[in-house]
Amino acid sequence: MAWSPEETINRSEMQALQLAGLQKTVTTVYERNAVYRQTLDDAGVKPSDIKSLDDIKLIPFTTKQDLRDNYPFKLFTASPKEIVEYHATSGTTGKPIAVGYTREDLEVWSEAMARTCTGAGITSDDVVQNIFGYGLFTGGLGAHYGALKVGAGVIPISGGNSQKQIMLMEDFGTTALTSTPSFLIHLHEVGEQMGVDFKKLGLKKAICGAEPWSEAMRQSIQEKFGITVCDIYGLSEITGPGVSFECVEEQNGLHINEDFFYPEIINPETGEVLPAGEEGELVFTTINKHGQPLLRYRTRDISRLSYEPCSCGGTLVKMARVTGRSDDMLIIRGVNVYPSQIESVILKREGVSPHYMIIVERKGAMDSLRVKVEVTEEFMIKAAADILMGDEFDILEDVAAVRSKKRNLQQDIKDVIGISVEVHLVPPNSIARSEGKAKRIEDRRTD
Ligand code: DLL
């Protein structure tokens, strides 16, 4: 099932579209964006040098750091008047990365999401309960636009509110869900406690993504809800959800909307472009975007490309499910968390040292974060001295100090990363040191 004709065109037609889009994009950013012009000049590349798709290799990569350095709008190519919507993602410093869309960009995004919905079997007959968060996160509005475009009815409930989610599924006759996979598992647990049999509701299909998840998780959701579930991938920098999507016919690899987002796979160490089938870092160039076009953006996501024909009839190149990243970003309940964000908070506090360990666990279906932080020697000595001197008042004060330190840290970390964590203050030297790179993350999730 395809939404638009570009999904079934042959390779040479696609390449012609891509080359035209690439040439136009490079010309536009060169003419309209000072940062890109400088980058291209430094690399000795002029827009007229892009004569074939292979010439994309002449263009330097764009990284997340470039977006941070040019925060908020210095990589925008459109004028403020042309930007009609803004979104943002969190970054290591706590400052977000900003993205801006023109009216045409919203059209392209909606189109990409309409293909995604169609791929998952969502049509104008469906009632879509959109559980992706609305707000600066691109998930909510992206799924909303796609569902509207295919003519489905949308329930814009956003995340959380488990009991209400279940009530509306029953009362509004929801047939399709759009959500992070982990939240659906959680929802199922809540429903079970309420005595709900999801298979008796009218649910038929779901689109899940925004975080790494496994085939086992898909099988489990399909089984628990009695529905089909398709994967959806995307990132705010490129457009949001809908960069690629699975078809319900195969549920095996995600079709990339490559007439909008030109993909490459590179060796993350060397930057060398790898042939189809080889695993490496995904890189995208937006070839039909106006607000903030990005040239050769390094996603840090690990995948591989396949040009094999798909049984759904679609000819768009497919990418393998993203299971890991080439950096250390964690995704907890759909929120991006970087260890360095937590580190930045710890470093600002007295009495604790920058020796810490982040423990990720799956409690029930929900991911949770625990942060072990070492207190400093001084802090420890003072507390011990008070205890030895037997001054009851001081001991109580120290206990109170530890408690409030813990609470403050928890609050500060939450303020920066946006989700709750549990802090454990541990004695000095109790966290293992490493000779090479420090190990900051203990991921105890099993799938
Ligand atoms: O997560 C956009 C999105 C919303 C995608 C809803 C799918 C559904 P960001 O918050 O910028 O955007 O996070 C992007 O999330 O680079 C991947 O590391 C990860 N990610 C997104 N989708 C998947 C997926 C949205 N299906 C980052 N599988 C990306 C694995 C995913 N990882």
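Residues numbered from 1 in each chain as written. Predicted model: local features only at pLDDT ≥ 70, side-chain atom pairs only at ≥ 80, totals over all residues. Heavy atoms only, no water.

Chemist: With reference to specific residues and values, describe the overall build of the chain.
Modeler: Across its full length, the chain holds eleven helices and 21 strands. By the compact-globule yardstick of 22 Å for 447 residues, the chain fits well, its C-alpha radius of gyration being 24 Å. Seen through its C-alpha atoms, the chain measures out along the principal axes to roughly 85 × 60 × 40 Å. Expressed as a percentage of the 447 residues in the chain, the buried residues total 53%. The long-range fraction of contacts in the chain, counting pairs at least 24 apart against all pairs at least 6 apart in sequence, stands at 65%. (Helix = DSSP H or I, 4+ residues; strand = E, 2+ residues; numbered from the N terminus. Rg over C-alpha atoms; globule rule 2.2 N^0.38 Å. Buried < 20%, exposed > 50% of the residue type's maximum accessible area, 1.4 Å probe, protein only. Contact = heavy atoms within 4.5 Å.)

Chemist: So what's going on with the packing of helix α4 (residues 103-119) against helix α5 (residues 138-149)? Residues and values would help.
Modeler: For the pair α4 and α5, interaxial distance at closest approach is 7 Å and the crossing angle is 75°. Put simply, α4 runs roughly perpendicular to α5. Listed contacts from α5 to L106, E107, W109, S110, E111, M113, A114 and C117 of α4 are T138, L141, G142, A143, Y145, G146, A147 and K149. Of the residues contributing to the contact of α4 with α5, the split by class is nine nonpolar, four polar and three charged. (Axes fitted to C-alpha atoms, helices over the stretch in contact; angles between N-to-C directions. Parallel < 35°, antiparallel > 145°, perpendicular 65-115°, else oblique. Nonpolar A, V, L, I, M, F, W, Y, C, P; charged D, E, K, R; others polar.)

Chemist: How would you summarise the sheet that holds strand β8 (residues 240-245) if you had to cite specific residues and measurements?
Modeler: Taken in spatial order, the nine strands of this open sheet run β4-β3-β5-β6-β7-β8-β9-β14-β13, and their pairing is mixed. Looking at which strands have only one partner, the edges of the open sheet turn out to be β4 (153-155) and β13 (305-306). Judged from the three bridges that link them, strand β3 (residues 127-130) and strand β5 (residues 176-179) form a sheet pairing that is parallel. Among the inter-strand pairings, N130 is bridged to a residue of β5, identified as T178. On top of the sheet, α4 reaches β6 (205-209), β7 (228-235) and β8; it is set at about 50° to β8, its chief contact. (Pairing = 2+ DSSP bridges.)

Chemist: Hey, could you go over the environment of Q65 for me, with residue numbers and the actual values?
Modeler: Along the polypeptide, Q65 turns up in helix α3 (residues 64-69). The sequence separation of Q65 and I97 amounts to 32 residues, and the corresponding C-alpha distance is 9.5 Å.

Chemist: Kindly report on the pattern of salt bridges, identifying the contributing residues and their values.
Modeler: Oppositely charged side chains can form a pair if their charged atoms are brought close together. Within the structure shown, the criterion is met by 26 salt bridges. Between K199 and E223 there is a salt bridge, with the nearest N and O atoms lying 3.3 Å from each other. Pair noted here: K199 is in the loop between α7 (181-193) and β6 and E223 is in helix α8 (residues 215-225), with a separation of 24 residues, a long-range link. With relative accessibility at 51%, the residue E223 sits in the exposed group. (Salt bridge = Lys/Arg side-chain N within 4 Å of Asp/Glu carboxyl O.)

Chemist: Lay out helix α2 (residues 34-42) in plain terms, naming residues and giving numbers.
Modeler: One side-chain oxygen at the N-terminal end of α2 lies 3.0 Å from the backbone nitrogen of V35; it belongs to N33. Downstream of α2 by one or two residues, G44 has phi in the positive range, about 70°. (Polar contact = N/O pair within 3.5 Å; in protein donor to acceptor, adjacent residues only side chain to side chain.)

Chemist: Let's hear about the nonpolar core: which residues, and what values?
Modeler: Core analysis: the biggest nonpolar cluster contains 37 residues, and L40, Y233, I238, L282, F284 and M319 have the highest contact counts within it. Secondary-structure elements contributing two or more residues to this core are α1 (11-32), α2, α4, β7, β9 (254-256), β10 (261-266) and β11 (280-286). I131, C208, F225 and A365 belong to the second largest nonpolar core, which has 25 residues in total. (Core = buried A, V, L, I, M, F, W, Y, C linked by side-chain atoms within 4.5 Å.)

Chemist: How would you summarise the side chain of T102 if you had to cite specific residues and measurements?
Modeler: Locating T102 in the fold gives a position in strand β2 (residues 97-102). When residues no more than four places from it in sequence are discounted, the contact partners of T102 are A78, E82, I83, V84, H290 and G291.

Chemist: I'd love a proper account of unusual backbone geometry, names of residues and values included.
Modeler: A cis amide bond links Y71 to the next residue, P72, at an omega of -5°. In this structure, P72 sits in the loop between α3 and β1 (83-89). Phi is positive for R333, close to 50°, though the residue is something other than glycine. Position of R333 among the secondary structure elements: in the loop between β16 (330-332) and β17 (335-337).

Chemist: Can you break down the pairing of β2 residue by residue, with the values?
Modeler: Burial analysis of β2 places six of its six residues in the buried class, which makes it a mostly covered element. Here β2 shows a buried face lined by I97, V99 and Y101 and a second buried face lined by A98, G100 and T102. Here six bridges tie β1 to β2, and the two strands are oriented antiparallel to one another. Counterpart to Y86 in the pairing with β2 is G100.

Chemist: Explain the packing of aromatic side chains to me, and be specific about the residues and the numbers.
Modeler: Tallied over the full model, the rule gives eight aromatic pairs. A ring pair is formed by F76 and Y86, whose centres lie 6.4 Å apart and whose planes are at 25°; its orientation type is stacked. Residue F76 is found in the loop between α3 and β1, and its partner Y86 is found in strand β1; the two are separated by ten residues along the sequence. Judged by its relative accessible area of 9%, F76 is buried. Relative accessible area serves as the criterion here: at 38%, Y86 is assigned to the partly exposed category. Feature note: the residues F73, F76 and Y86 constitute an aromatic cluster, connected by ring pairs. The lysine or arginine in question, K289, covers the ring of Y101, its NZ or CZ lying 5.4 Å from the ring centre. The positively charged end of R298 is found above the aromatic ring belonging to F61, 5.5 Å away from the centroid. (Phe/Tyr/Trp six-rings, centres within 6.5 Å; stacked < 30°, edge-to-face > 60°. Lys NZ or Arg CZ within 6 Å of the ring centre and 35° of its normal.)

Chemist: Describe α4, and please don't skip the residues or the numbers.
Modeler: Along its 17 residues, α4 runs 24 Å from first to last C-alpha, staying within 8% of the 24 Å computed at 1.5 Å per residue. Among the 17 residues in α4, 14 count as buried, and that is most of the element. In the segment just after α4, G121 is the residue with positive phi, at about 90°. (Expected span 1.5 Å × (residues − 1).)

Chemist: Explain the environment of Y134 to me, using residue names and the numbers behind them.
Modeler: Of note, Y134 is situated in the loop between β3 and α5. Residues Y134 and G159 lie 25 residues apart in sequence; the distance between their C-alpha atoms is 8.1 Å. Residues within four places of Y134 in sequence aside, it is in contact with G140, L141, H144, V154, P156 and S158. A distance of 2.7 Å separates polar atoms of two side chains, one belonging to Y134 and the other to H144.

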